[in-house]
Amino acid sequence: MRHALPAILLLTAIFFSTACSATDAVKPTDHIIAGYIENVSIKVWDHEAPIIMEAKLDTGADSSSLHATDITIHKNKKQVSFTITDQHGSTQRITCPYARIVRIKKRPSGYQRRPVIPVQLQIGQKTFEAFVNLTDRSNFSYKMLIGRKELRHGILIDSSRHHRLSEPVK
């Protein structure tokens with residue numbers, strides 16, 4: 001037992017030095033602090049002009065959802081067509097590839113199938129690739145919901161504020 005004590009102390013020192021160096025890799029400057037409502041820029045597939053809209057940043061949601069209407073899935077082409085509306089009421093019809101189809105549980109029972117598309121999101125000065133599912137959010141206040149999977153890109157939320165960041169660059 002006497003000989004095991006130095007080995008235990010050495011292993012403990014190695015463990016804590018490794019744990020400290022791992023947390024040092026994430027710098028506070030890598031994060032931005034956003035309000036719970038922000039203007040975001042969404043670039044879908046190869047469309048040149050991004051769509052700017054208000055989004056709710058929600059740590060209670062795992063994935064992100066985008067309001068779309070007239071959603072048509074073309075399984076043979078692995079594409080989806082949908083209509084999207086920006087915050088000024090301008091609409092555009094988009095056809096793009098989808099990554100997968102997800103099943104979302106609906107209350108009180110049943111499931112809804114939603115296509116998931118790859119997009120480029122910009123929140124403040126953070127730009128990153130993301131996956132969003134398409135659904136009719138006309139009964140919600142915000143047409144875009146950004147969940148934890150996208151917030152992991154270094155976005156912290158100040159729940160007492162909204163529009164804390166500047167407008168995204170087009």
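Scroll up a little and you will see the structure.
Not measured: the values here are computed from a predicted model. (Residues numbered from 1 in each chain as written. Predicted model: local features only at pLDDT ≥ 70, side-chain atom pairs only at ≥ 80, totals over all residues. Heavy atoms only, no water.)

### Focus on the side chain of Ser 81
Move 1: Looking at the secondary structure, you find Ser 81 in strand β6 (residues 79–85).
Move 2: Among the polar contacts made by the side chain of Ser 81, one reaches the side chain of Thr 95 at a distance of 2.8 Å. (Helix = DSSP H or I, 4+ residues; strand = E, 2+ residues; numbered from the N terminus. Polar contact = N/O pair within 3.5 Å; in protein donor to acceptor, adjacent residues only side chain to side chain.)

### Notes on the pattern of salt bridges
Move 1: Under the criterion given, the structure shown has two salt bridges.
Move 2: Asp 62 is the salt-bridge partner of Arg 148, the closest N and O atoms lying 3.4 Å from each other. With Arg 148 in helix α2 (residues 148–151) and Asp 62 in the loop between β3 (51–57) and β4 (64–67), this pair connects stretches of sequence that are 86 residues apart.
Move 3: Take Arg 148: its relative accessible area is 31%, and that puts it in the partly exposed class.
Move 4: For Asp 62, a relative accessible area of 34% translates into the label partly exposed.
Move 5: With its nearest N and O atoms 3.7 Å apart, the salt bridge here joins Asp 62 to Lys 149. Highlighted residues: Asp 62 in the loop between β3 and β4 and Lys 149 in helix α2, separated in sequence by 87 residues.
Move 6: Take Lys 149: its relative accessible area is 39%, and that puts it in the partly exposed class.
Move 7: Through salt bridges that share partners, Asp 62, Arg 148 and Lys 149 make up one connected network. (Salt bridge = Lys/Arg side-chain N within 4 Å of Asp/Glu carboxyl O. Buried < 20%, exposed > 50% of the residue type's maximum accessible area, 1.4 Å probe, protein only.)

### Let's talk about the sheet that holds strand β5 (residues 69–74)
Move 1: Reading across from one edge, β5-β6-β7 is the order of the three strands in this open sheet, with antiparallel pairing throughout. Two strands lie at the open edges of the sheet, namely β5 and β7 (91–97), each paired on one side alone. The mean angle between the axes of side-by-side strands here comes to 15 degrees, regardless of whether they run parallel or antiparallel.
Move 2: Taken together, the four bridges between β5 and β6 define a ladder with antiparallel strand orientation. By the bridge assignment for β6, Thr 69 is matched with Thr 83. (Pairing = 2+ DSSP bridges. Axes fitted to C-alpha atoms, helices over the stretch in contact; angles between N-to-C directions.)

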